Number of protein chains: 2
Amino acid sequence: MAIKVDHIGIATRELAEGLAVWRDTLGLKVAGTEEVEEQGVRVAMLELGDTHIELLESLRPSSAVAKFVEKRGPGIHHIAIEVEDIQAALAELRNRGARLVDETPRIGAGGCLVAFVHPSSTNGVLLELVQHR
Amino acid sequence: MAIKVDHIGIATRELAEGLAVWRDTLGLKVAGTEEVEEQGVRVAMLELGDTHIELLESLRPSSAVAKFVEKRGPGIHHIAIEVEDIQAALAELRNRGARLVDETPRIGAGGCLVAFVHPSSTNGVLLELVQHR
């Protein structure tokens, strides 16, 4: 089902704090930045091998990223896995009793189809499925 | 400095719980399992694209992984980045004022040279540097 790690999502208080680590210290190239209004985040994508580091900054206190940072401080937020067919992947997860945050895919960063699986189903890991179009 | 994501470390209460997710549900292949006595963990490495998911189970209550699970429950523990020259990478991080957990590299899973950087220097992310030999 899983093809590769699409990206690793990292929650920051401000993108600048994450960029100081991943761009300035570790030398990663910024592939792009954008706002994903629906999820209430500003995103910076950095290239690392065949995957990406996704830095996240909250746009509003009610966003999932704001709540994560409020509770735990900045840090690793989720792992996104690229799948070929996100509908089939969600059906398989549902069959295995997984608790889905998104029953149907929605549009995420870069215009991909995305869906989140609840950490209670995945041994504590917030998992995002991504299908590129 | 960074070449690629070498692996993503995930803390579990028992490897079996992580394998149920990553091997049985997501279909990843187990590349190998081993005990890293020095770090007090049992490790299962699973292949995912050009990187790996590293499942960790504590061998004793005093290990860093046991303390992590005790405090937060199972979940994403660290990101490991492959570098070409770990000594040079540590020197660069030191010059930039990073707080190093390991001042000099030690032997990690698979016989690699590894060194951890403290999350207080890396915006909340426990970062492992890995040099393959």
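In what follows, the structure referred to is the one given above.
Residues numbered from 1 in each chain as written. Chains lettered and ligands numbered in written order. Predicted model: local features only at pLDDT ≥ 70, side-chain atom pairs only at ≥ 80, totals over all residues. Heavy atoms only, no water.

Undergrad: Sorry, what's going on with the relation of the copies chain B and chain A here?
TA: The operation linking the two copies of the chain is a rotation about an axis combined with a translation along the axis. Placing chain B over chain A gives an RMSD of 0.0 Å and needs a rotation angle of 180°, together with 0.0 Å of translation along the axis. Such values leave the two copies arranged in the relation of a two-fold axis. Interface residue correspondence from chain B to chain A reaches 100%, placing this contact among same-surface, isologous pairings. (Least-squares fit on C-alpha atoms with pLDDT ≥ 70 in both. Contact = heavy atoms within 4.5 Å.)

Undergrad: When you look at unusual backbone geometry in this model, what are you seeing that I'm missing?
TA: Note: most residues except glycine have negative phi, and most peptide bonds are trans. Residue and element names in this part refer to chain A. In the Ramachandran plot, Asn123 falls in the positive-phi region, its phi being about 55° despite a non-glycine side chain. With respect to the helices and strands, the residue Asn123 is situated in the loop between strand 7 (113-117) and strand 8 (127-131). Since its relative accessible area comes to 12%, Asn123 is described here as buried. (Helix = DSSP H or I, 4+ residues; strand = E, 2+ residues; numbered from the N terminus. Buried < 20%, exposed > 50% of the residue type's maximum accessible area, 1.4 Å probe, protein only.)

Undergrad: Explain the pattern of salt bridges to me, please; I cannot follow it from the model alone.
TA: Side chains that differ in charge, positive against negative, can pair when their charged atoms come close. If you walk through the whole model with that rule in mind, you get 15 salt bridges over all chains. In this structure, Arg42 of chain B engages Glu35 of chain B in a salt bridge whose closest nitrogen and oxygen atoms are separated by 3.0 Å. The exposure class assigned to Glu35 of chain B is partly exposed, which follows from its relative accessible area of 46%. Salt-bridge contacts for Asp102 of chain B lead to Arg106 of chain B; the nearest nitrogen and oxygen are separated by 2.8 Å. Looking at Asp102 of chain B, the relative accessible area reads 10%, which means it is buried. Among the charged side chains, a network of salt bridges with common partners joins Glu35, Arg42 and Glu57 of chain A. (Salt bridge = Lys/Arg side-chain N within 4 Å of Asp/Glu carboxyl O.)

Undergrad: Is there a simple way to explain a positive patch on the surface in this structure?
TA: On the surface, a cluster of positive charge is contributed by Lys71 and Arg72 of chain A together with Lys71 and Arg72 of chain B. The set of elements that each furnish at least two residues to the positive patch consists of helix 2 (64-72) of chain A together with helix 2 (64-72) of chain B. Its place among the elements puts Lys71 of chain B in helix 2. (Patch = residues over 30% accessible without salt bridge, like charges linked within 9 Å, V, L, I, M, F, W, Y side chains within 5 Å. Areas by Shrake-Rupley, 256 points an atom, 1.4 Å probe, with all protein chains shown as cover. Lys, Arg positive; Asp, Glu negative; His and termini not counted. Charge placed at Lys NZ, Arg CZ, Asp CG, Glu CD.)

Undergrad: Mind showing me how you'd approach the pairing of strand 7 of chain A here?
TA: Along any regular strand, the residues point their side chains to alternate faces of the sheet. Residue and element names in this part refer to chain A. Burial runs high along strand 7: five of the five residues are buried. Two strands pair when backbone bridges link them, and strand 6 (residues 106-107) and strand 7 are joined in this way by two bridges, in the antiparallel orientation. Across the sheet, residue Ile107 finds its bridge partner in strand 7, namely Leu113. What sits between strand 6 and strand 7 in their antiparallel hairpin is a turn of five residues, with Gly110 showing a positive phi close to 75°. (Pairing = 2+ DSSP bridges.)

Undergrad: I keep staring at the sheet that holds strand 1 (residues 2-12) of chain B and nothing clicks. Help me out?
TA: For sheets, the rule is that strands pair by backbone hydrogen bonds, running either parallel or antiparallel. All names here are of chain B. Taken together, eight strands build an open sheet; the order of strands is 2-3-4-1-5-8-7-6 and the sheet is mixed. Looking at the sheet topology across the chains shown, the edges are occupied by strand 2 (29-36) and strand 6 (106-107). Where strand 5 (residues 75-83) and strand 8 (residues 127-131) come together, four bridges link them in parallel fashion. Pairing of Glu82 across the sheet is with Val130, part of strand 8. Contacts from helix 1 (residues 15-25) reach strand 1, strand 2, strand 3 (41-48) and strand 4 (51-58), with the element oriented near 5° to strand 3. With respect to the sheet, helix 3 (residues 86-95) is in contact with strand 5, strand 7 (113-117) and strand 8, its orientation differing from that of strand 8 by roughly 150°. (Axes fitted to C-alpha atoms, helices over the stretch in contact; angles between N-to-C directions.)

Undergrad: Sorry, what's going on with helix 1 (residues 15-25) of chain A here?
TA: Turn by turn, an α-helix covers 3.6 residues, leaving residues three or four places apart pointing in a common direction. Every buried residue of helix 1 of chain A is accounted for by Leu15, Gly18, Leu19, Val21, Trp22 and Thr25 of chain A. After helix 1 of chain A finishes, the residue Gly27 of chain A shows a positive phi value of roughly 80°.

Undergrad: Got a minute to help me understand the layout of surface pockets in this structure?
TA: Empty space among the atoms becomes visible once a probe the size of a water molecule is rolled across them. By volume, the second largest pocket is sized at about 150 Å³. Here the residues of the lining of the second largest pocket sort into five nonpolar, four polar and four charged. (1 Å grid on protein atoms, 1.4 Å probe; cavity = no way out; pocket = protein on both sides within 12 Å on 5 of 7 lines; lining within 4 Å. Points joined across faces, edges and corners; volume = space filled by probe spheres on them. Nonpolar A, V, L, I, M, F, W, Y, C, P; charged D, E, K, R; others polar.)

Undergrad: Would you mind showing me how to read helix 3 (residues 86-95) of chain A here?
TA: Residues and elements named next belong to chain A. Among the residues making up helix 3, those that are buried are Ile86, Ala89, Leu90 and Leu93. Buried residues of helix 3, seen end-on, are gathered within an arc of 100° and therefore sit on one face of the element. The opening residue of helix 3 is Asp85, an N-cap whose side-chain oxygen sits 3.1 Å from the backbone nitrogen of Gln87. (Arc of directions from axis to C-beta. Polar contact = N/O pair within 3.5 Å; in protein donor to acceptor, adjacent residues only side chain to side chain.)

Undergrad: How should I be thinking about the nonpolar core in this particular structure?
TA: Across soluble globular proteins, nonpolar side chains have a tendency to be buried as a group. One finds Trp22 of chain A together with Trp22 and Ile79 of chain B to be the most contacted residues of the largest nonpolar core, which totals 62 residues. If near-sequence neighbours (up to four positions away) are discounted, Trp22 of chain A is found in contact with Ile10, Gly27, Leu28, Leu46, Leu48, Ile53 and Leu55 of chain A together with Ile79, Ile81, Val125 and Leu127 of chain B. (Core = buried A, V, L, I, M, F, W, Y, C linked by side-chain atoms within 4.5 Å.)

Undergrad: Mind showing me how you'd approach the interface of chain B and chain A here?
TA: Size of an interface, as often reported, equals the accessible area lost when the parts are brought together. The partner chain A presents 37 residues to the 37 residues of chain B that form the contact. Interface area for chain B against chain A, summed over the two sides, is near 3,100 Å², with a carbon-plus-sulfur share of 70%. The three residues of chain B that bury the most area against chain A are Leu26, Ile76 and Asn123 of chain B, which together make up 22% of that side's buried surface. The interface formed by chain B and chain A contains zero salt bridges. On the surface where chain B and chain A come into contact, there are six residue pairs in polar contact (both at pLDDT 80 or more). Listed by contribution, the elements that provide at least two residues to the side of chain B that touches chain A are strand 1, helix 1 and strand 5 of chain B. At eight residues, the largest contribution of residues to the side of chain B that touches chain A is made by strand 1 of chain B. Along the lines of polarity and charge, the residues of the side of chain B that touches chain A split into 19 nonpolar, twelve polar and six charged. (Buried area = accessible area lost by both parts, 1.4 Å probe.)

Such coordinate-based values are descriptive only and should not be taken to indicate function.
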